[in-house]
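So the chains spell out like this:
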Amino acid sequence: MKSIVILSLVLAIKAEQISEDLAKGIENRGTMTRVVPGSMAKPGQFPYMVALVLDYYRIVCSGAIVGKKWVLTAAHCVPRLPRLPRPPSNYAHQRAFILAGTNDVKNATIRHLIEKFITHGRYIPGFPFHYDMALAKLKEPLHYNQYVRKIRISPRIIGEGTNATLAGFGRYDNQGNKGKLHWTDVRVMSNEECRKTNAFHDDDLEMCAVNNTVGGCNGDAGSPLVRKKLIVGVLYYGAGLCGSGIPDGYVRVSYHYAWIQRIMKTF
């Protein structure tokens, strides 16, 4: 019994240290290097991309259009949710809106107000961010055109070693500038590789992807990982400095496919 207690304490301390290290890495991403310096997006290249914005065009996260009134993003992007001991599954915020159909937030002219946020019922704020997924329902439907269009969600698991594309409105230089849509290709890693970076990795819920010099950064959370015009993941964390070559973490949308479809039909 004594040995079991000691082992439990050791594991708890180790888990706490890993959590702290990863949290520091996430925090540091807001103070160093770039988001997706690989390429600046061309007009209409990613018509499904949106910026989640608060108040005076302050970028909180990125997201993807999955329906005329629906945007898929990360649950920790929902404004002020981290302050609550457990977030409600249905949460509205009067100050939040999205910007669609633009590659530059500063040039956006039309704001799309958000009616409500619906976070996954099993999501709890804070590391390790399991079930970090949310849907934003817009007050008015979007009008599709060559710059605004939905993207479908993949119900299938993406295999390791596969290349996919990440785009986001987050930081793209050392000065902390945000708001211009950048993109890069990344490689999906095996679950074994993911566990080396994140000891709390869940094979069913999450996956990792990496590019040696490019990665997500402050403002990119909630961005979709896309393969063959299908969303396969949602960016929810990055360990280490932006673009440092340390893998980014994604929520697998295949695991949450039924939940996403049910929410969009129910609300």
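This text follows the structure it describes.
Residues numbered from 1 in each chain as written. Predicted model: local features only at pLDDT ≥ 70, side-chain atom pairs only at ≥ 80, totals over all residues. Heavy atoms only, no water.

Visitor: Let's hear about helix α3 (residues 257–266): which residues, and what values?
Guide: Among the residues of α3, those classed as buried are Trp 259, Ile 260, Ile 263 and Met 264. Taken around the axis of α3, the buried residues stretch over an arc of 125°, which confines them to a single face. The exposed set on the far side of α3, more than 90 degrees from its buried face, consists of Ala 258, Lys 265 and Thr 266. The elements touched by buried residues of α3 are β3 (58–67), β4 (70–73), β7 (112–119), β8 (134–138) and β9 (152–153). (Buried < 20%, exposed > 50% of the residue type's maximum accessible area, 1.4 Å probe, protein only. Helix = DSSP H or I, 4+ residues; strand = E, 2+ residues; numbered from the N terminus. Arc of directions from axis to C-beta. Contact = heavy atoms within 4.5 Å.)

Visitor: So what's going on with the state of the cysteines? Which residues, and what values?
Guide: Simply put, the disulfide is a covalent bond whose two ends are the sulfur atoms of two cysteines. One pass over the full model with this rule turns up 1 disulfide. The disulfide that involves Cys 61 links it to Cys 77, with 2.1 Å between the sulfurs. In this structure, the disulfide formed by Cys 61 and Cys 77 twists by about -85° around the S-S bond and is classed as left-handed. Of the two residues, Cys 61 is situated in strand β3 and Cys 77 in the loop between β4 and β5 (90–91); the sequence distance between them amounts to 16 residues. Cys 77 carries the same exposure label as Cys 61, and that label is buried. (Disulfide = S-S within 2.5 Å.)

Visitor: Quick one: what's the story with the layout of surface pockets, residue by residue and with numbers?
Guide: The volume enclosed by the second largest pocket comes to roughly 290 Å³. In this structure, the second largest pocket is lined by Gly 44, Gln 45, Phe 46, Pro 47, Tyr 48, Arg 149, Lys 150, Ile 151, Thr 165, Trp 183, Val 226 and Lys 229. Of the residues contributing to the lining of the second largest pocket, the split by class is 6 nonpolar, 3 polar and 3 charged. (1 Å grid on protein atoms, 1.4 Å probe; cavity = no way out; pocket = protein on both sides within 12 Å on 5 of 7 lines; lining within 4 Å. Points joined across faces, edges and corners; volume = space filled by probe spheres on them. Nonpolar A, V, L, I, M, F, W, Y, C, P; charged D, E, K, R; others polar.)

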